[in-house]
Amino acid sequence: MKINQNISAVIVNDQLLRNENSVAASVKRLSSGLKFNDAKDNPSGIAISFKMQAQINALNRASLNATDGTSMVETIDGAMGEMTEVLQRIRELCVQAANDTNMDEDREAIQQEIDALKEEVNRISSATEFNGKTLLDGSLDRRTYVTSMVTPPAGGAAEEKSMYDKISNVIISDEVQAGKYNVEIIEPAGHAAMVAKGDAANVQNNAISEEQEGIVCINGVSAHIKAGMSPEEVYAEIRNAGELGWVNVFVTDGTIEAVTEKNLDTQGYKKDESGYKFGSSLAFVSQNYGSDEDISITCDNEQLAQILGLDKAAGKNVTTDRVETKEYSFSKVGETDDPLPVIINTEPDAANAGKKVEADAAGTIYVNGAKAEITAGMSPQEAIEALIRACNSGDVVLNSNDFTASADYSFDKGIILSSASLGLNGKINITYDNEKLGDLFGFTKMTDPQVEEKTISVEYTAKAEGEDAQVSIKEVPAGGTAEEIRKEYTGQAVVKTDGNQVVITDKSGFEMSFEVRGDVASGGQMPDPADPDKIIDTVTQLITIEATDIGTLQLQIGANEGQELAVRVPVLNTKSLYMDDLNVRKKGGPDKGMDTMDKAIGIVTAARSLMGAYENRLDYVKSGLDATEEDMTTAISRLADVDMAAEMTEYTNSNVLTQASISVLSQANDLPQQVLSLLQG
């Protein structure tokens, strides 16, 4: 036996230390609930578990993001719902204004409410916010950039310049892929415009005389020019009628300049700020663009038309006409007391045989005041029967030796008209308003009595038409003449213009729309088809519209980078809904307003449907994220959570071993005492 080294105690102590460490590890696992609490416990396991935990935390946050996104989309949906209610009310007001039971002041009151509601539409667009972010002003829509090639005034290399001041209201569909799309503006849209050239030399008075009274009608709105009116009053009356007829009226010197930003609404005509006086020239310019916009002006007094210059109206796409309304008549009355009727014989033309009443021969015949309507397409029998009925009502007898019944009548046969009253009481007075109608019945060639021709009125008419924008997406290949669709589009691309609005559609739902300002095609530059690196001057303007994926609302709906949902919120205001010029006070305004509001409601409804689709998708996104988080939590639990029952067994085992080790160590420490007992013996 040895006393310098208590080997047994050392062995037992070492084992005791191991048992205590095992107990401590079990206690730590039992108290934390984790299989490993330190990296040394399971290096690979702790790395995996921490990575999974990061994923779980991110999924939880993404689910909350989806909830926040749903709240934002619901806010947008609610704002669009209110906007729809406003638009419905505006349409209802348009229907109300269309009823002719309304007076002008009634439509004025209706328009005041419409104007207020239009302001509300714009307020909803600019004031709808979520967490300080404006939602309906276009800031959450896809960005588009419009440029064109220009050369700086000082010369030098050509460079791109923004054209957003001339190409506006650009709207693209979701199917328009990010990229650059070239559009060639051949001609901008044009207002209908004309100038009535006054002549001061023809004006003698400073006020309208009774002979100069008349009505000037502008697009169906009448301006009553009365005797005694001063030049200022005449101008005000015509200007107000033009306003209600969608036409701007202003005084001009008749000269015209290139259409620029400063004179878009006057179509280049210079305004004469000195004011209107008789003999001044008046310009008439439609308030809107396009071939559907026209100006129709009539004046029923020849002298008034000359004062206003309507007899010399001129301009692009302007036509004028002078129409005389004539009346033809003949009459005969009894001259003696003899009991004889008044008799008149017509002299028809043999060339009229077999003819029907043609459109240019239709008209009205009055027999002693009784009316006979002779319409286009009537057969000779139908025409003579209408004339017989008028004769019977006018106390005149119609007969002839050439025919015995209306069925036998043709326009080459003569008519005998006899007064039913005799002697001095007998009379026949025939009046008709179409010379060719008189030819058919043989009235014009009579010598006894002689037909008299009388001019009843002269009407001046001037008409002007606007122009749609001319836009092309075709190009001419280098060295070729045949036009081809540009490579940015497919061969199925179609361009449609309506006034200054341009819509380009292509397959798969591609749609791009924009508005072209009237001065956009004042000359530009483009790459030379033969040498793309070279810039050449052009009469037309080549516009590049760059569509991007920038600007949409990006919702982080995943745990990793790039797992986003793009929510696109279109701009909604009176301009994008094309209702900013809605006015029910003007001629045809209510009908135009109803059509405009139908389109506006359709645009908002489509946008609202898109928001509903986003809401549904976000609901599914949240459900999917929650399910994934639950599954991953289960997975990390299997990996990192301790099995309490198994660990308790391990703890009990280690605890028993520790107690046993302590007991054995106590006995091992007693061994040196046994050696001392040997020495004492």
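Everything below is about the structure shown above.
My aim in this report is to walk through the structure given alongside it, one point at a time. Note that the structure is a prediction, hence the values are computed from the model and not measured.

1. Overview of the overall build of the chain
From N to C terminus, the chain includes 10 helices and 32 strands. A compact globule built from 681 residues would reach a C-alpha radius of gyration of about 26 Å, whereas the chain, at 47 Å, exceeds it by more than 25%. Dimensions of the chain, computed from C-alpha atoms along their principal axes, come out at roughly 200 × 65 × 55 Å. The buried share among the 681 residues of the chain stands at 42%. Taking as baseline every contact in the chain between residues at least 6 positions apart, the subset at least 24 positions apart corresponds to 71%.

2. Some thoughts on unusual backbone geometry
Of note, the amide linkage connecting D448 to P449 takes the cis form, showing an omega dihedral of 0°. Turning to its location among the elements, P449 is positioned in the loop between α7 (435–441) and β21 (452–465). Located in the positive-phi region is N368, a residue other than glycine, with phi close to 50°. Topologically, N368 is positioned in the loop between β16 (363–367) and β17 (370–374). With relative accessibility at 24%, the residue N368 sits in the partly exposed group. Here S508, not a glycine, exhibits a phi torsion of approximately 65°, which is positive. For S508, the position within the fold is in the loop between β26 (501–505) and β27 (511–516).

3. Some details on a negative patch on the surface
A cluster of acidic residues, D292, D294, E465 and D498, forms a negative patch at the surface. Relative to the elements of secondary structure, D498 occurs in strand β25 (residues 494–498). Residue class for D498 comes out partly exposed when judged on its relative accessible area of 42%.

4. Things to note about the sheet that holds strand β14 (residues 318–333)
Strands in a sheet are paired, the pairing made by backbone hydrogen bonds, and the direction either parallel or antiparallel. Here 8 strands make up an open sheet; going across it, the order is β9-β8-β13-β21-β14-β20-β16-β17 and the pairing antiparallel. Only two strands of the sheet have a single partner each, and these edge strands are β9 (221–225) and β17. Here the strands of the sheet are splayed against their neighbours by 15° on average, with no regard to which way each runs. Bridging between strand β13 (residues 294–299) and β21 involves 6 bridges; their strand directions are antiparallel.

5. Points about the pattern of salt bridges
Applying the stated rule across the entire model yields 30 salt bridges. The salt bridge partner of E257 is K270, with a shortest N-O separation of 3.6 Å. Taken together, the positions of E257 in the loop between β10 (247–256) and β11 (269–271) and K270 in strand β11 put the pair 13 residues apart, joining distant regions of the chain.

6. Some points on helix α6 (residues 380–393)
Since there are 3.6 residues in each turn of an α-helix, residues three or four apart along the chain are aligned in direction. Helix length check: α6, at 14 residues, gives a terminal C-alpha distance of 20 Å against a target of 20 Å (1.5 Å per residue), a fit within 8%. By the burial criterion, the buried members of α6 are P380, A383, I384, A386, L387, A390 and C391. Buried residues of α6, seen end-on, are gathered within an arc of 155° and therefore sit on one face of the element. Facing away from the buried side of α6 by more than 90 degrees, the exposed set consists of R389, N392 and S393. Next to the buried residues of α6 lie β16, β17, β18 (396–399), β19 (416–422) and α7. Where α6 ends, the next residue or the one after it, D395, has phi of about 65°, a positive value.

7. What about helix α4 (residues 231–244)?
With 14 residues, α4 should reach 20 Å at 1.5 Å per residue; the first-to-last C-alpha distance of 20 Å fits that figure. Those residues of α4 lying buried are P231, V234, Y235, I238, A241 and G242. Relative to the axis of α4, the buried residues are bounded by an arc of 130° and lie together on one face. Immediately downstream of α4, the backbone of W246 shows phi near 65°, a positive value.

8. Focus on the sheet that holds β27
Read across the open sheet, the 4 strands follow the order β5-β27-β26-β25; overall the sheet is antiparallel. Edge positions in the sheet fall to β5 (167–172) and β25, since each of these pairs with one other strand and no more. This sheet shows a mean twist of 15° between the axes of neighbouring strands, independent of strand direction. As defined by bridge partners, β25 adjoins β26 across 5 bridges and the pair is classed as antiparallel. Each bridged residue has a counterpart across the sheet, and for V494 the counterpart in β26 is T505.

9. Here's the deal with the nonpolar core
The biggest cluster of nonpolar side chains holds 50 residues, and the ones touching the most others in it are M80, L87, I90 and L136. If you list the elements that add at least two residues to this core, you get α2 (43–97), α3 (104–127), β31 (553–556), β32 (564–567) and α8 (589–640). The biggest single contributor to this core is α2, with 17 residues. In this structure L87 touches V121, L577, M579, M597, A600, I601 and V604, once residues within four positions along its chain are discounted. Ranked by size, the runner-up nonpolar core spans 42 residues in total, among them I208, I238, V247 and I307.

10. Observations regarding the pairing of β10
When β10 meets strand β12 (residues 281–289), the two strands line up antiparallel, connected through 6 bridges. From the neighbouring strand, F250 faces β12, where its bridge partner is A283.

11. Quick look at the packing of aromatic side chains
Here the structure, examined in full by the defined rule, presents 12 aromatic pairs. Here Y181 and Y489 contribute two aromatic rings whose centre-to-centre distance is 5.8 Å and whose plane-to-plane angle is 50°, an arrangement assigned as tilted. Highlighted residues: Y181 in strand β6 (residues 179–187) and Y489 in the loop between β24 (484–485) and β25, separated in sequence by 308 residues. Summarising the burial analysis for this pair, Y181 and Y489 share the class buried. An angle of 15° between the planes, with centres 5.5 Å apart, marks the rings of Y328 and Y432 as stacked. On the criterion of sequence distance, the pair formed by Y328 in strand β14 and Y432 in strand β20 (residues 427–432) is long-range, its members being 104 residues apart.

Criteria and cut-off values
- Counting restarts for each chain: residues are numbered from 1 in the order of the written sequence.
- With pLDDT at 70 or above as the cut-off, local features in this predicted model cover only qualifying residues; side-chain atom pairs require 80 or more to be listed or tallied, and sums for whole chains, interfaces and linings still use all residues.
- Processing note: side-chain calculations cover all non-hydrogen atoms of the structure and skip hydrogens and water entirely.
- Secondary structure elements are taken from DSSP: a helix is a run of H or I of four residues or more, a strand is a run of E of two residues or more, and numbering for both begins at the N terminus.
- Based on C-alpha atoms, the radius of gyration is set beside the globule rule, defined as 2.2 Å times the residue count to the power 0.38.
- Only protein chains enter the accessibility calculation, which uses a 1.4 Å probe. A residue is then buried if its area is under 20% of the maximum for its type, exposed if over 50%, and partly exposed in between.
- Two residues form a contact once any of their heavy atoms are found within 4.5 Å.
- Residues enter patches when they are more than 30% accessible in relative terms and free of salt bridges; like-charged ones are connected within 9 Å and nonpolar ones (Val, Leu, Ile, Met, Phe, Trp, Tyr) within 5 Å.
- Note that accessible areas follow from Shrake-Rupley with a 1.4 Å probe, and for residues the cover is restricted to the protein chains shown.
- The rule for a salt bridge is simple: a side-chain nitrogen of Lys or Arg has to be within 4 Å of a carboxyl oxygen of Asp or Glu.
- Counted charges follow a simple rule, with Lys and Arg positive, Asp and Glu negative, and His plus the chain ends left uncounted.
- By convention, charge coordinates are those of NZ in Lys, CZ in Arg, CG in Asp, or CD in Glu.
- In this description, strands pair whenever DSSP reports at least two bridges between them.
- Angles shown run from 0 to 180 degrees and are taken between the N-to-C directions of axes, each axis being a line fitted to C-alpha atoms and, for helices, limited to the stretch in contact.
- A helix is expected to reach a length of 1.5 Å times the quantity of its residues less one.
- The arc under discussion is defined with respect to the helix axis, by the directions toward the C-beta atoms.
- Remark: nonpolar core denotes a set of buried residues (Ala, Val, Leu, Ile, Met, Phe, Trp, Tyr, Cys) joined through side-chain atoms within 4.5 Å.
- For this analysis, a ring pair means two rings from Phe, Tyr or Trp (six-membered ring only for Trp) whose centres lie within 6.5 Å, classed as stacked if their planes differ by under 30 degrees, edge-to-face if by over 60, and tilted for the remaining angles.

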